[in-house]
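# Residue-level structural notes
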Amino acid sequence: MQALAAEERAFDVPKGSLSTALPVISRQAGVSISVVDAKLWQARVKPVRGRMRVEDAIRRLLKGSDARAVRVSATSWRIERRPAAPRIAQRPAPQPAPQHRAREPAHDMVAGVQDEIIVTASKTDLPYSHFAGVVTQLSGGDLAFGGERGMESILSRTATVSSTHLGSGRNKLFIRGIADSSFTGPTQSTVGQYLGDIRLSYNAPDPDLRLYDVDNVEILEGPQGTLYGAGSLGGIIRVVPKAPDPRAMTIQAIAGVSLTQHGDPGGDIAAIANLPVGDKGHALRLVGYMLTDGGYIDNPLRGQNDVNRVHVRGGRGTFRFEAGNDWTIDLGGVYQSIKSNDAQYADKAADPLTRNSMVEQNASARYGLGTVVVMKDWGDLHFQSSNAFIDHRLFERFDASLPDAPPGTVITTGAVDVERLFAPVQVTPLSTVPRVLDQRNATRMFVSENRLSRPYHDGLGWVVGASVIDNRARQDREYGYGTLRAVLPGVTNKITEVTGYAEATVEVMPDLVASGGVRLSHARLGGMAEGVSVALALAGRATTASRNETDLLPSFSLLATPLHNVRVYARYQEGFRPGGLAVDGNFVRRFLNDQVRTWEAGVRFGDKGQSLFDASLAISHSRWRNIQADFIDSTGFPTTANIGDGRITSISAALAMRPTETLTFELGAVHNHSRVDDLALEILPVFAAAPGRLGRIPNVASHAVRGSVNYALVIGDEDFRVNGWANYIGPSRLGIGPVLGESQGDYIDTGLAMRIGNDRRGLSLTLTNLFDSRGNRFSLGTPFVEGNEGFMTPLRPRTLRIAVDVAY
């Protein structure tokens, strides 16, 4: 026993709940640890890093909690509740009023420099105090507070993340002003999305996975090309789900009903189960949910009310297998289906929340993910292999009805002559028959990343890895005119990308940390036109031929601590997206890769949760070369091209104040200034009609402000928490070019949530859009109808949700 107690071991245990940290420290210490009181499983514990004795590691883990460790034998420990301090017998005194204990409020907007926050997205578990950049870490409990809303929960808590609002499962995400377009086209996303260490998509829209049973969400701002490769020009969003726990069985259920003013009611139900399997550390964790958002848009032309109802069904499962000898294997799967009965937009010129459309514009998205993750620790080193197969399918229907025209008139849209396509079929006057455009996107992706890392401790952390991505995305389009169908040109893009990367962080001297890395990426690109004649396909072989691209992405940063709790940093990073093929009239066009280079500097100060306030300020300047963007071409169809070069300057700031133990105020703001300053010659004719509408990069507000107040305390065994927020989204433009130059934004979104209960049960109430304002979140309704400049996507009207949650 004395030899084991004196032996030092290497520990790397992140903070969190005892149920999450205990299997990790037990494995790394080589001892068995039991818990006597089941209520202690949810206790919050400290991180443990470095070389030390097992006894010291366990003591550091439990510091500040209600638990203590008792040694049972040379290889086993028992954790029990710390006994209360003995009371000295004395004469009875008047009973004081109940003491209110403060619950630690959420700090969504400022990551404190002394709170031992670990940036796991750094792939070296780098403490935030040593990370040169802006990271926002949102806890899963905060995201679920007031009702789970998927990506909307993240958007309402950050000022620097923005989105289009075409509909759930159809949107594109942007961070820090790096935005390309409004459509889901062949271009790769500018934001990398991850579930754990698994990439969720390549050139598909945000799948909008529901954030049930999530440990936390990390948002890294600015290009992350060195560690995450292509498609991280603006940053990454990494969702960390809760891991299976082999120590205890838990079951949780949530059910809510919502009432929307001017609309239909909705509801949600979810269940979460954690099931230990056997006694060798195996465990299974399951999540299932169903949600319905009531509609609130009326369509008088079709005699329908509240047409835009949305249904979401999904689930997630992970089985953790402890293979022995410190090998761990996680087998997981995700499935989610989103069905929208109709489009989310309204007509600007019509009554509020009203749209006159001749057709039903339904949409559906199905997302499936299968994962295999293998992990092993060798002393200070950690190996991880993350592998996944993704199948993502999206169907969208747009109103493409033609304007009034007398019988016999031949009307063409794009390169398609409608009358000739359906001849010799008898066609009624075009003004009496509605027309739709159906678009189908199918994406299949295999991704594998293997890395070896030394989690940061004792002044050094590094990671080296390699990854392979094989992605195939196909887009098909067709007109529907009555009962007839006309196939339009489509496109298939294929890419196989092989990369290797390395990054290291070193404390070169006291209070000075340096990081540097490089990524070498080689991609093979190819594709083909769909729905075109053999002659056209042969004629365009040069365009669709396979080709290769190689990119080198360096990064470096410095972080200094000149004063206590004050850190300043400077950082340089690059990001890129490979090229591809886009539909162009009757065939396809090729577009080139684009690249972002970003210089950033910032300062952070304060001590989260202990000092009166903590704050951060960051300024970045990006040069964007060969911008890939979607726009409406001269034929009236969306297409993709390299529109030119641009520059973006972004300033973001955040402040959290804690005047009392129960009250917290938070404020965040961002200002973006963007410009396309070198227009590509090939698209000059498209913008000749309205040259003044090109300038700004689309879909990102020039400024945004978010404020919130959080009040939380514990009275006896009951928790009471209230959170209120208000977000101002400044003006922006829909897209690039004369047709998409419509303004949007310039609105305020508000909400209030409260909950009373404890870890076993709770009752919550949430009210969103307190002032029942309309706003205009997104100006795109359908690009295929004349007069498409009259669309708007309003905020969901005032909605009340009442919910209960129970846990066993």
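Residues numbered from 1 in each chain as written. Predicted model: local features only at pLDDT ≥ 70, side-chain atom pairs only at ≥ 80, totals over all residues. Heavy atoms only, no water.

## A look at the overall build of the protein chain
Helices and strands together make up the secondary structure of the protein chain, namely ten helices and 47 strands. The proportion of buried residues among the 808 residues of the protein chain is 59%. For the protein chain, the proportion of contacts with a sequence separation of at least 24, taken over those separated by at least 6, is 68%. For the protein chain, the exposed area adds up to about 32700 Å²; of that, 58% sits on carbon and sulfur atoms. (Helix = DSSP H or I, 4+ residues; strand = E, 2+ residues; numbered from the N terminus. Buried < 20%, exposed > 50% of the residue type's maximum accessible area, 1.4 Å probe, protein only. Contact = heavy atoms within 4.5 Å. Areas by Shrake-Rupley, 256 points an atom, 1.4 Å probe, with all protein chains shown as cover.)

## Some details on the nonpolar core
The biggest cluster of nonpolar side chains holds 36 residues, and the ones touching the most others in it are Ile154, Val217, Ile219, Ile237, Leu369 and Ile390. No other element matches the four residues that strand E24 (residues 363-378) contributes to this core. The residues contacting Ile390, other than those within four sequence positions of it, are Arg199, Leu200, Tyr367, Gly368, Leu369, Thr443, Arg444, Met445 and Val447. The next biggest cluster of nonpolar side chains, apart from the first, holds 25 residues, and it includes Leu18, Ala21, Ile25 and Leu40. (Core = buried A, V, L, I, M, F, W, Y, C linked by side-chain atoms within 4.5 Å.)

## Things to note about the pattern of salt bridges
All chains considered together, the criterion is met by 41 salt bridges. Note that Arg777 is salt-bridged to Glu152, the shortest N-O span being 3.1 Å. Of this pair, Arg777 sits in the loop between strand E45 (761-768) and strand E46 (791-792) while Glu152 sits in helix H5 (residues 151-155), placing them 625 residues apart in sequence. Assessed through its relative accessible area of 24%, Glu152 is described here as partly exposed. Taking the shortest distance from any N to any O, the salt bridge between Lys172 and Asp180 comes out at 3.2 Å. Each member of the pair, Lys172 as well as Asp180, is classed as buried. Connected via shared salt-bridge partners are Lys123, Asp197, Glu218, Arg238, Glu449 and Arg451. (Salt bridge = Lys/Arg side-chain N within 4 Å of Asp/Glu carboxyl O.)

## Examining the confidence of the model for the protein chain
Across the protein chain, the average pLDDT comes to 84, with 85% of residues at or above 70. Residue range residues 1-5 is modelled with pLDDT below 50. Its contacts to residues more than four positions away, or to other chains, number eight contacts. When the criterion is pLDDT under 50, residues 85-115 qualifies, and its contacts beyond four places in sequence or with other chains add up to 66 contacts. (pLDDT = per-residue confidence, 0-100.)

## Thoughts on the packing of helix H2 (residues 18-29) against helix H3 (residues 54-62)
In a packed pair of helices, the relevant descriptors are the angle between the two axes and the axis-to-axis distance. It is at 11 Å that the axes of H2 and H3 come closest, and there the two elements cross at 170°. When the interaxial angle is binned, H2 and H3 end up roughly antiparallel. Between H2 and H3, the contacting residues are Leu18, Ala21, Ile25 and Ala29 on the first element and Val54, Ala57, Ile58, Leu61 and Leu62 on the second. (Axes fitted to C-alpha atoms, helices over the stretch in contact; angles between N-to-C directions. Parallel < 35°, antiparallel > 145°, perpendicular 65-115°, else oblique.)

## Description of the pairing of strand E36 (residues 594-606)
Sheet analysis places strand E33 (residues 566-577) next to E36, joined by twelve bridges and oriented antiparallel. Note that in E36 the partner of Phe576 across the bridge is Gln595. Where E36 meets strand E37 (residues 613-625), twelve bridges bridge the pair, whose relative direction is antiparallel. If you follow Glu600 over to E37, its bridge partner there is Ser620. (Pairing = 2+ DSSP bridges.)

## Let's talk about empty space enclosed by the protein
Counting across every chain of the model gives 18 cavities of 30 Å³ or more. In this model, the largest cavity occupies a volume close to 890 Å³. Taken together, 43 residues form the lining of the largest cavity, with Arg149, Glu152, Asp293, Arg777 and Arg796 sitting closest to its centre. Where the lining of the largest cavity is concerned, the elements lending two or more residues are H5, strand E18 (250-260), strand E19 (266-277), strand E20 (282-293), strand E44 (743-757), E45 and strand E47 (799-807). Of the residues belonging to the lining of the largest cavity, the class tally is ten nonpolar, 21 polar and twelve charged. Of the volumes computed, that of the second largest cavity is approximately 430 Å³. Along the wall of the second largest cavity there are 31 residues; nearest its centre are Val161, Ser162, Ser163, Ile729 and Tyr747. Secondary structure elements with two or more residues in the lining of the second largest cavity: H5, strand E12 (161-163), strand E41 (663-679), strand E42 (703-715), strand E43 (718-733) and E44. For the lining of the second largest cavity, the leading source of residues is E43, giving five residues. A per-class count over the lining of the second largest cavity returns twelve nonpolar, 14 polar and five charged. (1 Å grid on protein atoms, 1.4 Å probe; cavity = no way out; pocket = protein on both sides within 12 Å on 5 of 7 lines; lining within 4 Å. Points joined across faces, edges and corners; volume = space filled by probe spheres on them. Nonpolar A, V, L, I, M, F, W, Y, C, P; charged D, E, K, R; others polar.)

## A word on the packing of aromatic side chains
Enumeration according to the criterion identifies nine aromatic pairs in this entry. Relative to Tyr572, the ring of Phe556 lies with its centre 5.4 Å away and its plane at 25°, an arrangement referred to as stacked. Residue Phe556 is located in strand E32 (residues 547-563), and its partner Tyr572 is located in strand E33; the two are separated by 16 residues in the primary sequence. Residue Tyr572 is classed as buried on the basis of its relative accessible area, which comes to 10%. Taken together, the ring pairs in this structure connect Trp327, Trp378 and Phe383 into an aromatic cluster. In this structure, Lys123 is placed above the aromatic ring of Tyr228, and the distance from its NZ or CZ to the ring centre is 4.4 Å. It is Arg721 that lies over the ring of Phe145; its NZ or CZ is 4.2 Å from the centre. (Phe/Tyr/Trp six-rings, centres within 6.5 Å; stacked < 30°, edge-to-face > 60°. Lys NZ or Arg CZ within 6 Å of the ring centre and 35° of its normal.)

## Examining H2
For H2, built from twelve residues, the straight-helix expectation of 16 Å at 1.5 Å per residue is met to within 8% by its first-to-last C-alpha distance of 15 Å. Most of H2 sits inside the fold, with ten of its twelve residues counted as buried. Immediately beyond the C-terminal end of H2, within one or two residues, lies Gly30, with a positive phi of roughly 70°. (Expected span 1.5 Å × (residues − 1).)

## Brief notes about the pairing of strand E17 (residues 235-241)
Burial analysis of E17 places six of its seven residues in the buried class, the great majority of the element. By the bridge criterion, five bridges tie strand E14 (residues 191-195) to E17 in an arrangement that is parallel. Within E17, the residue paired with Tyr194 across the bridge is Arg238.

## A look at the side chain of Glu478
Relative to the elements of secondary structure, Glu478 occurs in strand E29 (residues 460-481). One polar contact links Glu478 to Arg485, side chain to side chain, over a distance of 3.5 Å. Those residues in contact with Glu478 that lie beyond four places of it in its chain are Val436, Leu437, Asp438, Arg440, Arg485, Ala486, Val487 and Leu488. (Polar contact = N/O pair within 3.5 Å; in protein donor to acceptor, adjacent residues only side chain to side chain.)

## Notes on the sheet that holds E17
Either a parallel or an antiparallel arrangement is found when strands of a sheet pair, and the pairing is made through backbone hydrogen bonds. Strand order in the open sheet made by the five strands is E11-E16-E17-E14-E15, with mixed pairing throughout. A single partner strand is all that each edge strand has here, and the edge strands are strand E11 (135-139) and strand E15 (198-199). As paired elements, E11 and strand E16 (residues 214-221) share five bridges and run antiparallel to each other. Residue pairing in the sheet places Leu138 in a bridge with Val217 of E16.

## Things to note about H3
Note on helix geometry: an α-helix contains 3.6 residues per turn, so any two residues three or four positions apart are oriented the same way. Taken together, the buried positions of H3 are Val54, Ala57, Ile58, Leu61 and Leu62. Viewed along the axis of H3, the buried residues span an arc of 125°, placing them on a single side of the element. (Arc of directions from axis to C-beta.)

## Points about the environment of Leu765
If you trace the backbone, Leu765 turns up in strand E45. The sequence separation of Leu765 and Ala753 amounts to twelve residues, and the corresponding C-alpha distance is 5.8 Å. Ignoring anything within four residues of it in the chain, the contact list for Leu765 reads Leu752, Ala753, Met754, Leu800 and Arg801.

## A short note on a nonpolar patch on the surface
A grouping of Val257, Leu259, Ile756, Leu763, Leu765, Ile802 and Val804 is seen on the molecular surface, where their side chains present a nonpolar patch of about 580 Å² in accessible area. Elements that contribute at least two residues to the nonpolar patch include exactly E18, E45 and E47. On the basis of relative accessibility, which here comes to 42%, the residue Val804 falls in the partly exposed class. (Patch = residues over 30% accessible without salt bridge, like charges linked within 9 Å, V, L, I, M, F, W, Y side chains within 5 Å.)

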